[in-house]
Amino acid sequence: MFGWRKFRRGVILSHYEPRGAPSAITDAPLPARVFIPLLQHRGLPAIPIVKYGDVVLRGQLIAEAPLPQSITMHAPVSGTVSAVAPWRHPSGKKITAIHIESDGRDMQADFLPLAKPWREAAQGEIVQKVLQCGIAGMSGSGVPAHIKLAPPADKPIDILLVNGLDGQPPVQSAAALQKLETENTLEGALIVKKTVAAKRIIVAIDKTRTEILKTIEALRKDKRFAEIEVRPVSAAYPLGEEITLIYAMTGRAVLTGQTPQDLGCVVFSTSTLLAIFNAVVKGQPLYDRVVTVAGPAIGRPANLRVRIGTPVAELLEIAAVNNGTVKKIIMGGPMTGLAIAERDTPVIKTTTAVIALDYTTPPLLEFDCIRCSACFQVCPRRLAPTVLAHCVKNNDIDKAAEWGIARCCACGCCTYVCPSKINLAHYIALGNYHLQSVKQAGRQ
Ligand code: SF4
Ligand code: SF4
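Rules used in this analysis
- Residues numbered from 1 in each chain as written.
- Chains lettered and ligands numbered in written order.
- Predicted model: local features only at pLDDT ≥ 70, side-chain atom pairs only at ≥ 80, totals over all residues.
- Heavy atoms only, no water.
- Pairing = 2+ DSSP bridges.
- Helix = DSSP H or I, 4+ residues; strand = E, 2+ residues; numbered from the N terminus.
- Axes fitted to C-alpha atoms, helices over the stretch in contact; angles between N-to-C directions.
- Core = buried A, V, L, I, M, F, W, Y, C linked by side-chain atoms within 4.5 Å.
- Buried < 20%, exposed > 50% of the residue type's maximum accessible area, 1.4 Å probe, protein only.
- Near = heavy atom within 4 Å.
- Nonpolar A, V, L, I, M, F, W, Y, C, P; charged D, E, K, R; others polar.
- Polar contact = N/O pair within 3.5 Å; in protein donor to acceptor, adjacent residues only side chain to side chain.
- Arc of directions from axis to C-beta.
- Contact = heavy atoms within 4.5 Å.
- Salt bridge = Lys/Arg side-chain N within 4 Å of Asp/Glu carboxyl O.

A. Focus on the sheet that holds strand β16 (residues 338–340). Spatial strand order, β1-β14-β13-β17-β15-β16: 6 strands in an open sheet with mixed pairing. At either margin of the open sheet sits one strand with a lone partner, and together these are β1 (25–27) and β16. Strand-to-strand twist of the sheet, defined as the mean angle between neighbouring strand axes without regard to direction, takes the value 30°. Alignment of β1 against strand β14 (residues 302–307), held across 3 bridges, turns out to be parallel. When the bridges of β14 are listed, Thr26 appears paired with Leu304.

B. Representation of the nonpolar core within the structure. In this structure, Ile135, Leu160, Phe268 and Ile276 are the most contacted members of the largest nonpolar core, which totals 46 residues. Going through the elements one at a time, α1 (123–132), β9 (159–164), α3 (173–180), α4 (182–196), β10 (200–206), α5 (210–219), β12 (265–269) and α7 (270–282) are the ones with two or more residues in this core. No other element matches the 7 residues that α7 contributes to this core. Formed by 19 residues, the second largest nonpolar core is a distinct cluster that contains Ala319, Val326, Met331 and Ile340.

C. Local environment of the site of ligand 1. As a structural note, the neighbourhood of ligand 1 is formed by Cys379, Pro380, Pro385, Cys408, Cys409, Ala410, Cys411, Gly412, Cys413, Cys414 and Ile428. A breakdown of the residues in the shell around ligand 1 according to their chemical character gives 10 nonpolar, 1 polar and no charged.

D. Region of interest: the site of ligand 2. Close to ligand 2 lie 13 residues, the nearest being Cys369, Cys372, Ser373, Cys375 and Cys418. Of the residues in the shell around ligand 2, the class split is 9 nonpolar, 3 polar and 1 charged.

E. Quick look at the side chain of Thr250. Along the chain, the position of Thr250 falls in helix α6 (residues 242–250). Separated by 2.6 Å, the side chain of Thr250 and the backbone oxygen of Ile246 make a polar contact. For Thr250, the side chain forms a polar contact with the main-chain nitrogen of Arg252, separated by 3.1 Å.

F. Region of interest: α5. Three or more residues of α5 are buried, namely Ile212, Leu213, Ile216 and Leu219. When α5 is viewed along its axis, its buried side chains cluster within an angular range of 125° and face the same direction. Buried residues in α5 make contact with α3, α4, β10 and β11 (229–233).

G. Fine view of the environment of Gly264. Structurally, Gly264 is set in the loop between α6 and β12. When the C-alpha positions of Gly264 and Gly140 are compared, they lie 22 Å apart, and in sequence the two are 124 residues distant. If we skip the residues at most four places from it in the chain, Gly264 touches Pro156, Ile157, Asp158, Ile159 and Arg252.

H. Structural detail: the sheet that holds strand β8 (residues 94–102). One open sheet holds the 4 strands; their spatial order is β2-β8-β7-β4, and the pairing between them is antiparallel. For this open sheet the edge positions go to β2 (33–37) and β4 (55–56), each flanked by a neighbour on one side alone. For strand β7 (residues 79–88) and β8, the ladder comprises 9 bridges, and the chain directions are antiparallel. Each bridged residue has a counterpart across the sheet, and for Ala85 the counterpart in β8 is Ala97.

I. Structural view of the pattern of salt bridges. Within the structure shown, the criterion is met by 21 salt bridges. Between Asp54 and Lys51 there is a salt bridge, with its nearest N and O atoms 3.2 Å apart. Residue classification places Lys51 among the exposed residues on the basis of a relative accessible area of 53%. The salt bridge involving Lys393 is made with Glu366; its shortest N-O contact spans 3.7 Å. In this pair, Lys393 is assigned in helix α10 (residues 385–393) and Glu366 in the loop between β17 (353–357) and α9 (374–378), connecting sequence segments 27 residues apart. Given a relative accessible area of 46%, Lys393 falls into the partly exposed group. Assessed through its relative accessible area of 29%, Glu366 is described here as partly exposed.

Structure follows, in structure tokens:
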């Protein structure tokens, strides 16, 4: 009944591939000042436990998670707390952040790995260690990793899906990291498999990443990794999106209101698995990440390992941004990233990329729908985008709900292909916002 499906929807974004396709990772210089927003994940903000004037070490706990739906924060540099005050956030809002002036010495706090080998540890011990190390989904989802590691007892997991796809070119941060740390990433997958008691591990990899595929094949000769199944796929966008990947890899369709756990699946990106490995085996908290810096206004595209909280301006300078031509800066991929107005916006745990464009998109002049069905054909959720947009324009949200508007993953493929330049994804997002507001009002 279930099986591997060839993903025939979505769009190919190969023209976004950066010039010179960087594959190495460069360590960015230590930032002079970092800004650690208390919200870098899906859930509740962390609670600061440091104040103005406190001296901190790299990796030291600076904010606690009040409830499971939150994550802890750690100092990315050693130095002095200069403020706990609102600061710019990639979402465009101002959110309370811990500001740290680096002392330039980068002195490290003691890391505490698990007291025993992870194979002998109980599920609760591993979950607790991941919680202590402040790991959120690093491919952009921001879901606290410790929540996904502790599925409800009535929802047993049988498949761990490893998302080795970067999703949106020119983002290459996950592939670059995986190439460098293939073995540790796979060991991270084994840790997760044990923790959620999954039966299988399936790794989805872009079939053009031949070097990584070869390394994994070589590692699979080692009996530790022999059980790992590898699926090279054509990385059409948005195959890296969680629900789309589950359907493509297992044939299991997540329906409205269901979660991957309802279908016995859990999905982790390779970056998150590496962070889990570092937390469990080395006791290392999440205080840095790899960010792709690319785009037409970038002179030297790069995958930079940067400390969380580093202002985007520093990344742009390292990658030789052309200040004369840059018109727009996006944090995240070109399809789902958010444009930022200020360059002192910091990198957060979910920042996969910084893209500098030398053009701005003009306001779209919409024409009438010509019933070409292109939007139907690309929608990974098998929705009818033109019908949904029509419902929203006519303020008929109930009908949009009947047509499954809540299942939209906001990938933007429908807008991308529409020859009439109708911003379908925008109307659908508005409809979903309205639907959520109505639901919330009903709960109050
Ligand atoms: S309707 Fe939603 S899921 Fe479907 S293509 Fe448009 S944005 Fe993507
Ligand atoms: S792609 Fe645009 S023109 Fe074609 S059916 Fe969809 S909304 Fe209509």
